[in-house]
Amino acid sequence: MLKLNQINKVFNEATPDEKIALDQINLTLNTGDFMTVIGSNGAGKSTMLNMVSGSLTPDFGEIEIAGKDVTKYPEFKRSQMIGRVFQDPMAGTAPSMTIEENLAMAYSRNKKRILRKAVDKKRREIFRLALEKLNLNLENRLNAKVGMLSGGERQALSLLMATFTQPSILLLDEHTAALDPARAEIITNLTKQLVEKDQLTTLMITHNMQQALDLGNRLIMMDKGQIILEVEAEDKKKLTIPKLMDEFQRIRGEKLTSDKALLSF
Amino acid sequence: MFSAVFGSVEQGIIYAIMALGVYLSFRVLDFPDLTVDGSFVTGAGVAATMITFGYHPLLATAAAIVIGFLAGCMTGLLHTKGKINALLAGILMMIALYSINLRIMGLTSENSIGRPNIPLLNAETLYSKFYSFWSTLGIDTTINNFFEMFGLQYLPSTWGTLFIMTIIVIIIKLVVDWFLKTEIGLAIRATGDNKKMIRSLSANTDNLVIIGLGFSNALVAFSGALLAQYAKFADIGMGIGMIIIGLASVIIGEAIFGTKTIMRTTLAVIAGAIIYRIVLGLALRIDFLDTGDMKIITATIVICALILPQYFEKKREKNRKLKRHAERLSLKKEENSVA
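Every value quoted in this text rests on a predicted model; they were computed, and no experiment measured them. (Residues numbered from 1 in each chain as written. Chains lettered and ligands numbered in written order. Predicted model: local features only at pLDDT ≥ 70, side-chain atom pairs only at ≥ 80, totals over all residues. Heavy atoms only, no water.)

Quick look at the sheet that holds strand 5 (residues 68–69) of chain A
All names here are of chain A.
Part 1 of the argument: Ordered in space as 2-1-4-5, the four strands form an open sheet in which the pairing is antiparallel. Each having just a single partner strand, strand 2 (19–29) and strand 5 make up the two edges of the open sheet.
Part 2 of the argument: Where helix 1 (residues 45–53) meets the sheet, it contacts strand 1 (2–11), strand 2 and strand 4 (60–65), and its direction lies at approximately 120° from that of strand 1. (Pairing = 2+ DSSP bridges. Helix = DSSP H or I, 4+ residues; strand = E, 2+ residues; numbered from the N terminus. Contact = heavy atoms within 4.5 Å. Axes fitted to C-alpha atoms, helices over the stretch in contact; angles between N-to-C directions.)

Have a look at this one:
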């Protein structure tokens, strides 16, 4: 479903700030795979996600989605196939527009936008049913402006909007990091539920190791622009946080201590 | 007094169409578009030129709308494809249009290339066409007789202009309301609200900016075409400061009538344009002030419209809090006495 082939990206090339963000990344996700990505800040996780979404283009290498080479597709064209939830709850929704209008925009993601009424009776019913599943009572506030919602509510809405049209790929960029633990758990459970419902192919970045272990069937660890560890289905189930730390030390020959706080366990 | 206010209302409605255009760019797209000063004159110039050549005023007005749309699209192209800063793209288009407008109006002159003004004194305009139909109905005398009963003097010669303008502006308001609720309209609003988000929902924000600015400037040019026919001339200088007038209308309207829904906001913008004209008209009747003071009056009106609402909102908030606080206190007292 998703294939990254020899992806390279260098920032600030030929300056003292030169940074190799991605170094020969190869990655294949099969349909229905749910992969979690961990690694310290600057490891290249977000850069990789931005490569997939199209907000960044690779210096070298190809990206393939659903069998199509999309390397040269601009972001808006790719996002027909990609649902995305950002870390910042403000980023995924339009604050001055209503809940139903936001959903209507997500609804026309994979259709051509034309001069027809965006919210009609039929669609409103679809939106209401979808919102009911969130259990946040949003279905009774269809005409409330999204700016009035709390961070958790907005993130739940973003998640719904991202998965609304069953995209080929779902990208989650630390989408629970800005929430308090209780809300984060709600969103985590919701993620599980929505991904399982449509068997979405998902790539999720997280700084929360427990979350990385709980969710998904595959796990990768990144460091300095490389994928240093890949754990597959059965092995992943047996994985624990201390094992993961040991693994990092074995590969890199250095302790992960400085990252303990970041990886929050 | 009455006829002065009447004239202000007539003009205000014409400018309201321009203000709706400014609302689309400034508020909906969040794009400070200065093309307006140029495209307003383009609309007036195209309409006046075609009317002078003998085309039907309806056709002339339609042509003005189309050219205005193209001008707006150009600004959008400069900004999105040329990556030029929004303000600069608008200014560049504005000064380029100055020359283009001279050339357009120059088409009517045999011995020069450019022409700074075109009089339409005896030409057929939308208003004269409509008036010839309207005057057969005898409505003017009926209405004037009615007002004379209340002892009003100096009544307007015709109510037809006001009538037709009201109809046109209501239709445009409904079109704008409808457009902003369509799938494309929603995407345009989201472009002004959260570009990153709507791009991740597979919308080409570049095209949306271009279309939005095109629509905005089409309305501005339409307003220019109507003003030229109303005032019976087109002049190269008639667009100066137009953007501020549009902005003033938007700000005044929003301050007084609120922005709860789209339909309410567009109505507020129209009302804002009319109120602005009335205030300006009344201010100019003060003996001390001269027509040359128009700009400083405009500046004062805009400053008041920006500052006064903050003051009133603060006061309202304070009163509300005082009242609620008193309620809560008395409630507590009751509970205590019960206990």
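Side note on the interface of chain A and chain B
Accessible area lost on assembly of the parts is the figure often given for the size of an interface.
Part 1 of the argument: Taken together, the contact pairs 31 residues of chain A with 23 residues of chain B.
Part 2 of the argument: Between chain A and chain B, the buried area comes to about 2400 Å², and carbon and sulfur atoms account for 59% of it.
Part 3 of the argument: Looking at the side of chain A facing chain B, the largest losses of area belong to F76, R113 and L115 of chain A, adding up to 27% of the total buried there.
Part 4 of the argument: Scanning the region where chain A abuts chain B turns up four salt bridges.
Part 5 of the argument: In this structure, E101 of chain A and R189 of chain B form a salt bridge, with 2.9 Å as the shortest nitrogen-oxygen distance.
Part 6 of the argument: Where chain A touches chain B, the interface holds 17 residue pairs in polar contact (both at pLDDT 80 or more).
Part 7 of the argument: Counting only elements with at least two residues in the side of chain A that touches chain B, the list comes to helix 2 (75–78) and helix 3 (99–107) of chain A.
Part 8 of the argument: Ranked by residue count, the leading element in the side of chain A that touches chain B is helix 3 of chain A, at five residues.
Part 9 of the argument: Its residues assigned to classes, the side of chain A that touches chain B shows 15 nonpolar, seven polar and nine charged. (Buried area = accessible area lost by both parts, 1.4 Å probe. Salt bridge = Lys/Arg side-chain N within 4 Å of Asp/Glu carboxyl O. Polar contact = N/O pair within 3.5 Å; in protein donor to acceptor, adjacent residues only side chain to side chain. Nonpolar A, V, L, I, M, F, W, Y, C, P; charged D, E, K, R; others polar.)

Here's the deal with the pattern of salt bridges
Part 1 of the argument: For the structure shown, the criterion picks out 23 salt bridges over all chains.
Part 2 of the argument: Across the pair D223 of chain A and K224 of chain A runs a salt bridge whose closest N-O atoms are separated by 3.9 Å.
Part 3 of the argument: Given a relative accessible area of 7%, D223 of chain A falls into the buried group.
Part 4 of the argument: Residues E327 of chain B and R324 of chain B are paired through a salt bridge, measuring 3.1 Å at the closest nitrogen-oxygen approach. Taken together, the positions of E327 of chain B and R324 of chain B, both in helix 13 (residues 294–338) and three residues apart, correspond to about one turn of that helix.
Part 5 of the argument: Owing to a relative accessible area of 44%, R324 of chain B belongs among the partly exposed residues under this scheme. (Buried < 20%, exposed > 50% of the residue type's maximum accessible area, 1.4 Å probe, protein only.)

Here's the deal with the side chain of T206 of chain A
Residues and elements named next belong to chain A.
Part 1 of the argument: If you trace the backbone, T206 turns up in the loop between strand 8 (201–205) and helix 7 (209–214).
Part 2 of the argument: Judged by its relative accessible area of 2%, T206 falls in the buried class.
Part 3 of the argument: In this structure the side chain of T206 is engaged in a polar contact, spanning 2.9 Å, whose partner is the backbone nitrogen of N208.
Part 4 of the argument: Apart from residues lying up to four places away in sequence, T206 is in contact with V37, I38, E174, Q211 and A212.

Examining the sheet that holds strand 3 (residues 34–38) of chain A
Two orientations exist for strands paired in a sheet by backbone hydrogen bonds: parallel and antiparallel.
Residues and elements named next belong to chain A.
Part 1 of the argument: Judged by pairing direction, the sheet is mixed, and its six strands sit side by side in the order 6-7-8-3-9-10 without closing on themselves. Two strands in the sheet have a free side with no partner beyond their single neighbour: strand 6 (82–85) and strand 10 (226–231). Going from strand to strand, the sheet's axes swing by 20° on average, the running direction of each strand aside.
Part 2 of the argument: Examined bridge by bridge, strand 3 and strand 9 (residues 218–223) share four bridges and lie parallel to one another. Looking at strand 9, one finds that M35 is bridged to R218.
Part 3 of the argument: Against the sheet, helix 5 (residues 151–163) contacts strand 6 and strand 7 (169–173), and its axis sits at roughly 175° relative to strand 6.
Part 4 of the argument: Against the sheet, helix 9 (residues 241–252) engages strand 3, strand 9 and strand 10, with an angle of about 135° to strand 10.

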